[in-house]
Amino acid sequence: MEPSDRTKKRSRALIVLALVALGVYALDQSSKYLVVASMTEGSVIRVLNDALQMHFVRNPGAAFSLASGSTWIFSIIAAAVVVFIVWFARRIRSFAWGLVFGLLLGGVLGNLTDRLLREPGFGVGHVVDFISTPWLLPAIYNVADMAIVSSMVIFMILTIRGIGLDGNKVVAVSKTATPTLKQTDAVTPDSTTRESVDPDSTASDRLNPGAEARP
């Protein structure tokens, strides 16, 4: 692949990553703003009966209300993930992988913003969760959580299919080479050089081929 083609593919992948991340982040923060502005904490609004509900809670833990009480740990992990994605993004040259890391970056930034800027304080802020689907999951989550899980699902699909960061399918090449055995030709003595032996000659004659016969 020409360097110019790699540069173009990388640029397109980075654009996809940035647009998806910005879209997820904007949707996550705007939805949380509307929930906080229009609902009181703990209230429930049935959108589709028990299939979809709006249940406003503040989550001090990880995604889907897991590991509450360790907010600062998740803040550090989220910040590290953001730094890693920004550093790793230059290797991506595929729309699909740009989508994966865009969803992950947008979701992580969305929840990290809550932990940094919301109460009770910097680094330990509680994440706003409001989406509830009791028939599917017992947890309450938000748009950022959905984006993170979606990125993991797409990541596993691409990995199982063997799609590389450049968008091409990785083909495993066997490095085991079958040795080629070279047969050695049998050395056959030339018949013209083969010495003729008289079957009637004695052993001494054979040992002394120049001796004259005695009467």
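Just so we're clear, the structure is a prediction, and the values are computed from it rather than from any experiment. (Residues numbered from 1 in each chain as written. Predicted model: local features only at pLDDT ≥ 70, side-chain atom pairs only at ≥ 80, totals over all residues. Heavy atoms only, no water.)

Asker: Just checking my understanding: could you explain the packing of aromatic side chains for this structure?
Answerer: The description of an aromatic ring pair uses the distance of the two centres, along with the angle that the planes make with each other. One pass over the full model with this rule turns up six aromatic pairs. Each member of the aromatic cluster is reached from another via a ring pair, and the members are Phe-84, Trp-87, Phe-88, Trp-97, Phe-101 and Phe-155. (Phe/Tyr/Trp six-rings, centres within 6.5 Å; stacked < 30°, edge-to-face > 60°.)

Asker: Is there a simple way to think about the environment of Val-124 in this case?
Answerer: By the secondary structure assignment, Val-124 is in the loop between helix H3 (95-117) and strand E3 (127-132). The class for Val-124 is partly exposed, based on a relative accessible area of 33%. For Val-124 and Asp-114, which are 10 residues apart along the polypeptide, the C-alpha to C-alpha distance reads 8.7 Å. (Helix = DSSP H or I, 4+ residues; strand = E, 2+ residues; numbered from the N terminus. Buried < 20%, exposed > 50% of the residue type's maximum accessible area, 1.4 Å probe, protein only.)

Asker: I keep staring at the side chain of Asp-114 and nothing clicks. Help me out?
Answerer: As for its placement among the helices and strands, Asp-114 is situated in helix H3. A distance of 3.1 Å separates the side chain of Asp-114 from the backbone nitrogen of Val-128, its partner in a polar contact. Among residues more than four places away in sequence, those in contact with Asp-114 are Gln-29, Lys-32, Gly-125, His-126, Val-127 and Val-128. (Polar contact = N/O pair within 3.5 Å; in protein donor to acceptor, adjacent residues only side chain to side chain. Contact = heavy atoms within 4.5 Å.)

Asker: Help me understand unusual backbone geometry in this model?
Answerer: With an omega of 15 degrees, the peptide bond between Glu-119 and Pro-120 qualifies as cis. Structurally, Pro-120 is set in the loop between H3 and E3. Its identity is not glycine, yet Asn-49 carries a phi of approximately 50 degrees, on the positive side. Examined against the element boundaries, Asn-49 turns out to sit in the loop between strand E1 (44-48) and strand E2 (52-59). On the basis of relative accessible area, Asn-49 is assigned to the exposed category, the value being 61%.

Asker: Whenever I open this one, a nonpolar patch on the surface confuses me. Can you help?
Answerer: A cluster of nonpolar side chains, Val-149, Met-152, Val-153, Phe-155, Met-156, Ile-157 and Ile-160, forms an exposed patch at the surface whose accessible area comes to about 640 Å². Mapped onto the elements of the fold, Ile-160 is located in helix H4 (residues 143-161). Taking the relative accessible area as the measure of exposure, Ile-160 reaches 73% and is therefore exposed. (Patch = residues over 30% accessible without salt bridge, like charges linked within 9 Å, V, L, I, M, F, W, Y side chains within 5 Å. Areas by Shrake-Rupley, 256 points an atom, 1.4 Å probe, with all protein chains shown as cover. Salt bridge = Lys/Arg side-chain N within 4 Å of Asp/Glu carboxyl O.)

Asker: I would appreciate a short explanation of the environment of Ser-132 in the present structure.
Answerer: Position of Ser-132 among the secondary structure elements: in strand E3. Residues Ser-132 and Val-44, spaced 88 residues apart in sequence, show a C-alpha to C-alpha distance of 9.2 Å. Those residues in contact with Ser-132 that lie beyond four places of it in its chain are Ala-51, Leu-52, Gln-53, His-55 and Ile-140.

Asker: Please explain the pairing of E3 as it appears in this structure.
Answerer: Along any regular strand, the residues point their side chains to alternate faces of the sheet. Among the six residues of E3, six are classified as buried, and the element is accordingly described as predominantly covered. One ladder, built from five bridges, connects E2 with E3; its direction is antiparallel. Considered in E3, the bridge of Asn-59 is made with Val-127. One ladder, built from two bridges, connects E3 with strand E4 (residues 140-141); its direction is antiparallel. Each bridged residue has a counterpart across the sheet, and for Ser-132 the counterpart in E4 is Ile-140. (Pairing = 2+ DSSP bridges.)

Asker: Teacher, can you tell me more about the pattern of salt bridges here?
Answerer: A side chain with one charge may pair with a side chain of the opposite charge, provided their charged atoms come close. In total, this model carries five salt bridges according to the counting rule given. A salt bridge links Asp-114 to Arg-118; the nearest nitrogen and oxygen atoms lie 3.0 Å apart. Linked by salt bridges that have partners in common, Asp-28, Lys-32, Asp-114 and Arg-118 make up one network.

Asker: Help me understand the sheet that holds E2 in this model?
Answerer: Within a sheet, neighbouring strands are paired by backbone hydrogen bonds and run either parallel or antiparallel to one another. Spatial ordering of the open sheet is given by E1-E2-E3-E4, a layout of four strands whose pairing is antiparallel. Because the sheet does not close on itself, it has two edges, and the strands there are E1 and E4.

Asker: Got a minute to help me understand the nonpolar core in this structure?
Answerer: What tends to happen in soluble globular proteins is that the nonpolar side chains get buried as a cluster. Core analysis: the biggest nonpolar cluster contains 18 residues, and Leu-17, Ile-92, Trp-97, Phe-101 and Leu-105 have the highest contact counts within it. Sequence-distant contacts of Leu-17, that is, excluding residues within four places in its chain, are made with Ala-89, Ile-92, Gly-98, Phe-101, Gly-102 and Leu-105. The next biggest cluster of nonpolar side chains, apart from the first, holds eight residues, and it includes Phe-56, Val-128, Ile-131 and Tyr-141. (Core = buried A, V, L, I, M, F, W, Y, C linked by side-chain atoms within 4.5 Å.)

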